[in-house]
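# Geometric and topological summary
So you can see what is in the structure, the chains are spelled out below.
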Amino acid sequence: MNIYNFDEHVNRKNTDCVKYDGLKKLFNVEDAKPLWVADMDFKTPDFILDDLKKSFDKQILGYPIITSKTSNSIISWYKRRHNISCIEESDISYTTGVVTALSACIEALSQEDDEVIIQTPVYFPFFSVVKNNNRKLILNELKNKNDYYTIDFDDLKKKITNKTKLLILCSPHNPVGRVWNKEELEELAKICYENNIIIISDEIHSDLVFKKFTSILHLDKKYHDNIVLLNSPSKTFNIAGLKSSYIITKNDTIKKHIDKILEKRHIGSINIFGIESIASAYNKGEEWLEMLLNYLKNNILTLEQYVEKSNLKIKFNSPEATYLIWLNFSEVIDTHENIQKRLLNNCKLVLNDGITFGKEGKKYFRLNIALPNDELLESLELLNYEFN
Ligand SMILES: Cc1ncc(COP(=O)(O)O)c(C=O)c1O
């Protein structure tokens, strides 16, 4: 058994990473602790780094081709980790990131002025990919009961018109941390199926789960025709900088439309390292992932215990997935804007501003807890000093 050390401090300053080296440009601060963008302060696992180094042994970094080695690693991962056996090589397309895939799917599967539904608060590029493609954005707000979020199906049904063509599902959900259960997904799929709406399910966080994950592909085959699944090993294995992702659909016609756009935009391939990393992560990554999940669970426990014992005026619901915590600052008597300033200037902590995830994010900030436990504790002390 390998031992991976998630307690190790890795100096990321001056490595051209956006999380640290983008602070001045993006937040006008330099000496703050970055707890924002969704990558982890843990080392990318050695087995991936070693495989990437092997790419150099080829001595020529010319144009690559994606072979069955890559698709088989995806197919096998889904079988082993998620008990999904319906994926075939011909169902998979590749592109340079999940947001790129999302944009391509919107362009491929709807027309200008068609309506696209998203469920807010949600990962902010969901707004821009729809708007930038000149589609009409329809917001189906999630229901929030004590920071536990559920889908508002009544509102969803009311919002659907004959112009509604797509629904972008965030599964598991960033930032609210829900793993949608089978009943919720079935109800959603049924409504979309009856209204001829294609579900684009962004499952980039599906391996970072603390309870059983249900993929959209676990649903009955009759729904598969209306489903596109997007994923990447980037979040799970801390390789977001490699910009690689894949698209799975069981519907040949949908796949043809998507591939046409990938071709038109010249985004239907990935670089050598991105290709190598998919097979490396999915063929070798299970043991590392189990240890990572344990470490993240412990960090969440640290946060829960800290909030319980201290006077920190912050509430949250422990996530069912992701290392992102949706912190509720509503008990802090101050404006959202002032809280943001106090976080930056007094705590010297950079969290994601909740408003960027939708208007429901007022007085919420998203905290990234994928960092060594002692650094998390230090950050909590800083929060507590300011917000107790
Ligand atoms: C739900 C979701 N989708 C997509 C992405 C980004 O994917 P990519 O970097 O592959 O475009 C993120 C990153 O945080 C995310 O949370």
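You'll find the structure just up there.
The text that follows walks through the structure, step by step, so that each part is easy to find.

How each quantity is defined
Residues numbered from 1 in each chain as written. Predicted model: local features only at pLDDT ≥ 70, side-chain atom pairs only at ≥ 80, totals over all residues. Heavy atoms only, no water. Core = buried A, V, L, I, M, F, W, Y, C linked by side-chain atoms within 4.5 Å. Buried < 20%, exposed > 50% of the residue type's maximum accessible area, 1.4 Å probe, protein only. Helix = DSSP H or I, 4+ residues; strand = E, 2+ residues; numbered from the N terminus. Domains from an automatic or database assignment. Contact = heavy atoms within 4.5 Å. Near = heavy atom within 4 Å. Polar contact = N/O pair within 3.5 Å; in protein donor to acceptor, adjacent residues only side chain to side chain. Areas by Shrake-Rupley, 256 points an atom, 1.4 Å probe, with all protein chains shown as cover. Nonpolar A, V, L, I, M, F, W, Y, C, P; charged D, E, K, R; others polar. Axes fitted to C-alpha atoms, helices over the stretch in contact; angles between N-to-C directions. Left-handed = near helix turned anticlockwise from the far one by under 90°.

## Points about the nonpolar core
With 91 residues, the main nonpolar core has Phe 329 and Leu 383 as its most contacted residues. With 11 residues, helix H11 (residues 286–309) is the single largest residue contributor to this core. Each of domain 1 (18–45 + 286–387) and domain 2 (58–284) gives at least three residues to this core. Setting aside chain neighbours within four positions, we find Phe 329 in contact with Lys 313, Ile 314, Ile 339, Leu 343, Lys 363, Phe 365, Leu 383 and Phe 387. If you look at the next biggest cluster of nonpolar residues, it comprises 30 residues, including Val 116, Val 228, Ile 258 and Leu 262.

## What about the site of the ligand?
Every residue near the ligand is listed here: Ala 38, Gly 97, Val 98, Val 99, Tyr 123, Cys 170, Asn 174, Asp 202, Ile 204, His 205 and Lys 235. Between the ligand and the protein, one listed contact pairs a nitrogen atom with a side-chain N or O atom of Asp 202 at 2.5 Å. Within the side chain of Lys 235, one N or O atom sits 2.9 Å away from an oxygen atom of the ligand. Relative to its unbound accessible area of 400 Å², the ligand is 91% covered by the protein chains. Considering only residue class, the shell around the ligand consists of 6 nonpolar, 3 polar and 2 charged.

## Some points on the side chain of Asp 51
Among the secondary structure elements, Asp 51 is positioned in helix H3 (residues 46–56). Not counting residues up to four positions away in its chain, the partners in contact with Asp 51 are Glu 276, Ser 280 and Lys 284.

## Some details on the packing of helix H5 (residues 98–109) against helix H6 (residues 125–132)
Two numbers describe how H5 lies on H6: the axes approach to 9 Å, and their chain directions differ by 35 degrees. As for how H5 packs across H6, the hand of that crossing is right-handed. Side by side, H5 and H6 meet where Val 99, Leu 102, Ser 103 and Ile 106 of the first sit next to Pro 125, Phe 126, Val 129 and Val 130 of the second. Looking at the contact of H5 with H6 residue by residue, the classes come out as 7 nonpolar, 1 polar and no charged.

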